[in-house]
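Architecture at a glance
In case you want the letters, here they are:
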Amino acid sequence: MSKTNNTERRSSISKELEEQQSQLSLERQKVAELQRQLEQKHLEQKELDRKASKPRQSPRQEVSSPTRPPSTLYRSNMREYLSSRHDLTRLPVEVTEEGICCGFLIKQGEMVKNWKKRYFVFDPKARNFTYYTDHNQKQVKGIIYFDAIQSVWSEAKVGADWSHKFYIKTFQRIYHIRAQTLAVMRVWLDILLTTQIDNAELNVQ
């Protein structure tokens, strides 16, 4: 009789252990699931924080390309082409008979983000946009080649830091440039956008 009781007792203890192990396994699964949910929520919150802290970019406003006359007037007579669109007599932009356009603009430095006044020369024959320290054109500060220009645009922002600001994107960098007035900026945009037309036609040929 005692042997039977011992056997039954062992069997009962064994069943209790199995039940406890089964419950422990379930508890571990629940803990693992809770940890997974907490990690997922942590990642979601981290992504939300990252988006919230990311500076908002202002909407980029691509300037529409100038309406090119059928005779491609800007190629044969840049001065006449610009005069048909702007009152050059009231603007500080000089346009020669050869189509060279000159004038002062304010450019932001590439490394040091300060703004400096530069004298820009747009030469359609040399196919480059060169800027100098002053109008004497003795010290070249940089050259933007027409072939490297990918796009030109202004930005839909207002305020002292953004007024009359436009951009020239090349393969190497983006140039940040400001004009004295909105009218001056529009003249330079019309000048620079002619390079987009020529580049597009050169790529097709």
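Quantities reported herein were computed from a predicted structural model and do not represent experimental measurements.

A look at the confidence of the model for the chain
- Per-residue confidence for the chain gives a mean pLDDT of 78; residues scoring 70 or more make up 67%.
- For the stretch residues 55-71, pLDDT sits under 50, and the model shows 30 contacts to residues farther than four places along the chain or on other chains.

Focus on the packing of aromatic side chains
- Under the counting rule described, the total for this entry stands at eight aromatic pairs.
- Centroid distance Phe129 to Trp188: 5.6 Å. Interplanar angle 45°. Geometry classified as tilted. Highlighted residues: Phe129 in strand β5 (residues 128-132) and Trp188 in helix α4 (residues 182-204), separated in sequence by 59 residues. Each member of the pair, Phe129 together with Trp188, is buried.
- With 6.5 Å between their ring centres and 75° between their planes, Tyr131 and Tyr175 make a pair best called edge-to-face. Placement of the pair is Tyr131 in strand β5 and Tyr175 in strand β9 (residues 174-178), with a sequence separation of 44 residues. Across the pair, exposure class does not vary: Tyr131 and Tyr175 are buried alike.

Brief notes about unusual backbone geometry
- At Arg127, a position not held by glycine, the phi torsion is positive, near 55°.
- Turning to its location among the elements, Arg127 is positioned in the loop between β4 (115-123) and β5.
- One non-glycine residue, Gln137, lies in positive phi territory at about 60°.
- Among the secondary structure elements, Gln137 is positioned in the loop between β5 and β6 (140-145).

Thresholds, definitions, all that
Position numbers for residues count from 1 along each chain, tracking the sequence in the order it is written. At least 70 in pLDDT is required for a residue's local features to be given in this predicted model, at least 80 for side-chain atom pairs to be given and counted, and no such filter applies to totals for whole chains, interfaces and linings, which use all residues. Only heavy atoms go into the side-chain values, all of them from the structure, while hydrogens and water stay out. For every residue, the predictor reports its confidence as pLDDT, a number between 0 and 100. Residue contacts are defined here by distance: any two heavy atoms, one from each residue, within 4.5 Å place the two residues in contact. Stacked, tilted and edge-to-face pairs are distinguished by plane angle, under 30 degrees for stacked and over 60 for edge-to-face with tilted covering the rest, among Phe, Tyr and Trp rings (Trp via its six-membered ring) whose centres lie within 6.5 Å. Numbered from the N terminus, helices here are DSSP runs of H or I no shorter than four residues, and strands are runs of E no shorter than two. Working definition: with a 1.4 Å probe on protein chains only, accessible area under 20% of the residue-type maximum means buried, over 50% means exposed, and in between means partly exposed.

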